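Here's the letter readout for the chains.
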Amino acid sequence: MFIVGILSWWYGAGWKQRFTVLSERISSTADYFSIDLLLKTLFSPYRQISAGKVQGSINVQMRAFFDQLLSRIIGAIVRTMMIIIGIVGILFYSMVGLFLVVLWGIVPLIPILGIVLFIMGWMPWKV
């Protein structure tokens, strides 16, 4: 009964806990990189304090326009890079987490496999 209880926890609540940990890790990674916020502000000016309307001659207005355009281009490049790094991080955590979840299901079978291989006479090393 003790082993049945352990195995029922392992393949029930334990496995569910692994999925919950994986889900929280992916969610915290997405929150850390704020991918949704970066997508909403992709073409916003980057760290430009005075992004408002400029009054003055046509020369001053053209200079302000190109300053804002350059700031938006730099902002789009930086935000795109952060989005790509965030997506790579999420994919990394997803693959590692999926591997660990699959490994979680195999671990209780390893001693049984070892006993079967021992009975068959298989040795991983030569004595």
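Keep in mind that what you see is a predicted model, and the values were worked out from it rather than measured. (Residues numbered from 1 in each chain as written. Predicted model: local features only at pLDDT ≥ 70, side-chain atom pairs only at ≥ 80, totals over all residues. Heavy atoms only, no water.)

S.K.: I tried to follow the overall build of the protein on my own but got confused; where do I start?
M.R.: Each helix and strand in the protein was counted, giving 4 helices and 0 strands. Element order for the protein, N to C, with α for helix and β for strand: α-α-α-α. Computed over its C-alpha atoms, the radius of gyration of the protein comes to 27 Å, more than 25% above the 14 Å expected for a compact globule of 127 residues. Expressed as lengths along the three principal axes of its C-alpha atoms, the size of the protein is roughly 90 × 40 × 15 Å. A burial count over the protein gives 18% of its 127 residues as buried. Considering only contacts within the protein whose residues lie at least 6 apart along the sequence, 82% involve residues at least 24 apart. Per element, the accessible surface of the protein, about 10,200 Å² overall, is 74% carbon and sulfur. Of the side chains in the protein, 10 bear a positive and 4 a negative charge, and the two mean positions are spaced by 5 Å. (Helix = DSSP H or I, 4+ residues; strand = E, 2+ residues; numbered from the N terminus. Rg over C-alpha atoms; globule rule 2.2 N^0.38 Å. Buried < 20%, exposed > 50% of the residue type's maximum accessible area, 1.4 Å probe, protein only. Contact = heavy atoms within 4.5 Å. Areas by Shrake-Rupley, 256 points an atom, 1.4 Å probe, with all protein chains shown as cover. Lys, Arg positive; Asp, Glu negative; His and termini not counted. Charge placed at Lys NZ, Arg CZ, Asp CG, Glu CD.)

S.K.: Which parts of the structure should I look at to understand the nonpolar core?
M.R.: Across soluble globular proteins, nonpolar side chains have a tendency to be buried as a group. Of all hydrophobic cores here, the largest spans 6 residues; its members are Phe33, Ile35, Leu38, Leu42, Ile83 and Ile90. Contact partners of Phe33, with chain neighbours within four places excluded, come to Leu38, Met82, Ile85 and Gly86. (Core = buried A, V, L, I, M, F, W, Y, C linked by side-chain atoms within 4.5 Å.)

S.K.: What am I meant to see in the environment of Lys16 here?
M.R.: Relative to the helices and strands, Lys16 is located in helix α1 (residues 2-33). Lys16 sits 85 residues away from Val101 along the chain, and the two C-alpha atoms are 9.5 Å apart.

S.K.: Where do I start with the packing of aromatic side chains in this structure?
M.R.: Geometry of an aromatic ring pair is reported as the spacing of the ring centres plus the angle between the planes. The final tally for this structure, using the stated rule, is 7 aromatic pairs. Where Trp10 meets Trp104, the ring centres are 4.0 Å apart and the plane angle is 5 degrees; that geometry is what we call stacked. With Trp10 in helix α1 and Trp104 in helix α3 (residues 58-106), this residue pair connects regions lying 94 residues apart in the sequence. A relative accessible area of 18% places Trp10 in the buried class. What makes Trp104 buried here is its relative accessible area of 16%. Counting every residue linked through ring pairs, the aromatic cluster contains Trp9, Trp10 and Trp104. Directly above the ring of Trp104 sits Arg18, whose terminal nitrogen or CZ lies 5.1 Å from the centroid. (Phe/Tyr/Trp six-rings, centres within 6.5 Å; stacked < 30°, edge-to-face > 60°. Lys NZ or Arg CZ within 6 Å of the ring centre and 35° of its normal.)

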